[in-house]
Amino acid sequence: MSKTDNELNHLAIIMDGNGRWAKKRHKPRFVGHREGMDNVERITLAANKLGIKVLTLYAFSTENWARPKEEVAYLMNLPVRFFDKYMPTLMENNVKVNIMGYLDELPEKTYKIVQRAMSETAHNTGLILNFAFNYGSRREITTAMKELGGMIEAGTLKSEEITEKMISQHLMTKNFGKYQDPDLLIRTSGEQRISNFLLWQLAYSELAFSDKNWPDFDEDDLRKFVNDFKHRNRRFGKVDESDS
């Protein structure tokens, strides 16, 4: 593959820095989360224009329940605010909403709105806006192993029959088919870690980090990262002929 042939079909973003954005402006953390929510709409539309097929956003992790109760309550209400405000725009732009995570553990109001968002956009054929909400990758992989273990106990599967493809088919990204593994992961706010996000799926993804906090990450930043990705040399463990 040449250095200009990369297609960016699946983009994943760890939207970090909402609280720091607010702190720098001497505002409560919830103001940062609100600004971050509005930025989701801007970046989604920009990604759609760039032809990206799947945009996965890390919105709430299984570890985030340990945050202060007031903050968790606000974060649980953000999907309600987001879809109430932006559903017409998502429909107008043919965006399909998907939410992956342990949704049955969400408050009833949050659960109902995310289910409604998925239902109302189910027939859209454009970009898939995939929120990872109450999601943790280690738990996701553990769940997949339990499912496969159950099949072995039931006698419908032998351990030697388990393949990487089969494991992938038991993860929460399975419905994205050939796009289930991100091509590029971006993390904002200057932090350079994965934070229990898509650990299996990111095995050969390109990584990029922005010093900007999420509310300040704009369409121009996205385009720059996408352009940089297109010129990277992705070898997938193989040897590039130009290096030999």
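We now turn to the structure provided with this report.

Cut-offs used in this document
Residues numbered from 1 in each chain as written. Predicted model: local features only at pLDDT ≥ 70, side-chain atom pairs only at ≥ 80, totals over all residues. Heavy atoms only, no water. Phe/Tyr/Trp six-rings, centres within 6.5 Å; stacked < 30°, edge-to-face > 60°. Helix = DSSP H or I, 4+ residues; strand = E, 2+ residues; numbered from the N terminus. Buried < 20%, exposed > 50% of the residue type's maximum accessible area, 1.4 Å probe, protein only. Axes fitted to C-alpha atoms, helices over the stretch in contact; angles between N-to-C directions. Parallel < 35°, antiparallel > 145°, perpendicular 65-115°, else oblique. Left-handed = near helix turned anticlockwise from the far one by under 90°. Contact = heavy atoms within 4.5 Å. Nonpolar A, V, L, I, M, F, W, Y, C, P; charged D, E, K, R; others polar. Pairing = 2+ DSSP bridges. Expected span 1.5 Å × (residues − 1). Lys, Arg positive; Asp, Glu negative; His and termini not counted. Salt bridge = Lys/Arg side-chain N within 4 Å of Asp/Glu carboxyl O.

1. Focus: the packing of aromatic side chains
Argument step 1. Inspection of the entire model under this criterion finds twelve aromatic pairs.
Argument step 2. When the ring of Phe-60 is compared with that of Phe-133, the centres are 5.5 Å apart and the planes differ by 35 degrees; the resulting orientation is tilted. Here Phe-133 lies in strand β4 (residues 128–135) and Phe-60 lies in strand β2 (residues 54–61), a separation of 73 residues in the sequence.
Argument step 3. What makes Phe-60 buried here is its relative accessible area of 0%.
Argument step 4. Accessibility expressed as a relative area gives 6% for Phe-133, which makes it buried.
Argument step 5. Here Phe-83 and Phe-131 contribute two aromatic rings whose centre-to-centre distance is 6.0 Å and whose plane-to-plane angle is 90 degrees, an arrangement assigned as edge-to-face. Of this pair, Phe-83 sits in helix α3 (residues 69–92) while Phe-131 sits in strand β4, and the two are 48 residues apart along the sequence.
Argument step 6. Counting every residue linked through ring pairs, the aromatic cluster contains Phe-82, Phe-83, Tyr-86 and Phe-131.

2. Describing the packing of α3 against helix α4 (residues 108–120)
Argument step 1. Interhelical geometry of α3 versus α4 gives an angle of 20 degrees and a closest axis separation of 8 Å. Compared by their axis directions, α3 and α4 come out roughly parallel. You can see that α3 and α4 cross each other, and the crossing is left-handed. Note on element contacts: α4 touches α3 through Lys-109, Thr-110, Ile-113, Val-114, Arg-116, Ala-117 and Glu-120, opposite Met-76, Asn-77, Pro-79, Val-80, Phe-83, Asp-84, Met-87 and Met-91.
Argument step 2. The class makeup of the residues in the contact of α3 with α4 is nine nonpolar, two polar and four charged.

3. What to know about unusual backbone geometry
Argument step 1. Despite not being glycine, His-26 has its phi angle at roughly 55 degrees, a positive value.
Argument step 2. Looking at where His-26 falls in the secondary structure, it is placed in the loop between α1 (18–24) and α2 (29–49).
Argument step 3. Positive phi values are uncommon outside glycine, yet Asn-94 reaches one of about 65 degrees.
Argument step 4. Locating Asn-94 in the fold gives a position in the loop between α3 and β3 (96–100).
Argument step 5. Owing to a relative accessible area of 28%, Asn-94 belongs among the partly exposed residues under this scheme.

4. Remarks on the sheet that holds β2
Argument step 1. The strand order β3-β4-β2-β1-β5-β6 describes an open sheet built from six strands, whose pairing is parallel. Here the strands that pair on one side only, and so sit at the sheet edges, are β3 and β6 (206–209). Averaged over all adjacent pairs, the angle separating strand axes in this sheet is 20 degrees, with direction ignored.
Argument step 2. Two strands pair when backbone bridges link them, and strand β1 (residues 10–14) and β2 are joined in this way by five bridges, in the parallel orientation. Across the sheet, residue Ile-14 finds its bridge partner in β2, namely Tyr-58.

5. Focus: α2
Argument step 1. Compared with an ideal rise of 1.5 Å per residue, which puts 21 residues at 30 Å, α2 spans 31 Å between its outermost C-alpha atoms and is within 8% of the ideal.
Argument step 2. Gly-51, located one to two residues past α2, shows a positive phi value of around 85 degrees.

6. Observations concerning the side chain of Glu-140
Argument step 1. Inspection of the secondary structure puts Glu-140 in helix α5 (residues 137–153).
Argument step 2. Of the side chains bearing the opposite charge, Lys-174 lies closest to the buried Glu-140, which forms no salt bridge; the N-O distance is 7.8 Å.
Argument step 3. When neighbours within four sequence positions are excluded, Glu-140 is seen to be in contact with Tyr-102, Tyr-135, Leu-171, Met-172, Thr-173 and Gln-201.

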